[in-house]
Amino acid sequence: MNTQQHLKKQNDVIRQEATKVIEDVVKLTKHLRAAGLEKAEVVGNEIQHTLLDQVDHLDQQRQLLWKKTEKIGRAAHKSVKSQPYFYIGGAFGIGFILGKILSRDTPLDQPM
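These numbers were taken from a predicted model, which means no experiment stands behind them.

**Q** Please explain the overall build of the protein chain as it appears in this structure.
**A** Broken down by element type, the protein chain carries 2 helices and 0 strands. Principal-axis analysis of the C-alpha atoms gives the protein chain an extent of 120 × 40 × 15 Å. In the protein chain, which comprises 112 residues, the proportion classed as buried is 0%. Carbon together with sulfur atoms contributes 64% to the accessible area of the protein chain, which is approximately 10,800 Å² in total. Within the protein chain, one finds 17 positive and 13 negative side-chain charges whose respective centroids are separated by 7 Å.

Take a look at the structure:
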């Protein structure tokens with residue numbers, strides 16, 4: 001076997017091995033891509049479930065606060081309805097005092 005034939009044979013072997021390596025890299029890349037997509041889907045599902053749980057919790061808290069607000073509003077309405085003149089007088093007194101304080105020419109921290 002002469003040198004040219006030997007080199008040609010080695011060149012063919014190298015090409016076959018290179019082709020095999022390329023095929024293996026393509027298979028590995030496809031496998032890694034599939035594994036990455038699978039992992040991304042798992043992580044996405046976990047995030048989605050966590051967010052849905054948090055939304056449910058926030059909705060429960062909102063409903064609880066709404067019930068408490070309604071209860072306080074009904075109690076205030078009942079109290080004002082039972083003693084309207086008391087609350088009108090209190091509002092008038094607070095308004096009068098605030099009006100006097102805010103209409104003063106001197107600041108509050110200086111003596112009169």
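**Q** What is the right way to look at the pattern of salt bridges in this model?
**A** Opposite charge on two side chains permits pairing when their charged atoms draw close. According to the stated counting rule, one finds 2 salt bridges in the structure shown. Between Asp-24 and Lys-20 there is a salt bridge, with the nearest N and O atoms lying 3.4 Å from each other. Placement of the pair is Asp-24 and Lys-20 together in helix α1 (residues 3-82), with a separation of 4 residues, close to one helical turn. Since its relative accessible area comes to 36%, Asp-24 is described here as partly exposed. Salt-bridge contacts for Asp-59 lead to Arg-62; the nearest nitrogen and oxygen are separated by 2.8 Å. Residue Asp-59 and its partner Arg-62 are both found in helix α1; the two are separated by 3 residues, about one turn of the helix. Accessibility expressed as a relative area gives 31% for Asp-59, which makes it partly exposed.

Conventions and cut-offs
Residues numbered from 1 in each chain as written. Predicted model: local features only at pLDDT ≥ 70, side-chain atom pairs only at ≥ 80, totals over all residues. Heavy atoms only, no water. Helix = DSSP H or I, 4+ residues; strand = E, 2+ residues; numbered from the N terminus. Buried < 20%, exposed > 50% of the residue type's maximum accessible area, 1.4 Å probe, protein only. Areas by Shrake-Rupley, 256 points an atom, 1.4 Å probe, with all protein chains shown as cover. Lys, Arg positive; Asp, Glu negative; His and termini not counted. Charge placed at Lys NZ, Arg CZ, Asp CG, Glu CD. Salt bridge = Lys/Arg side-chain N within 4 Å of Asp/Glu carboxyl O.

Function cannot be read off these values alone, since they describe shape.
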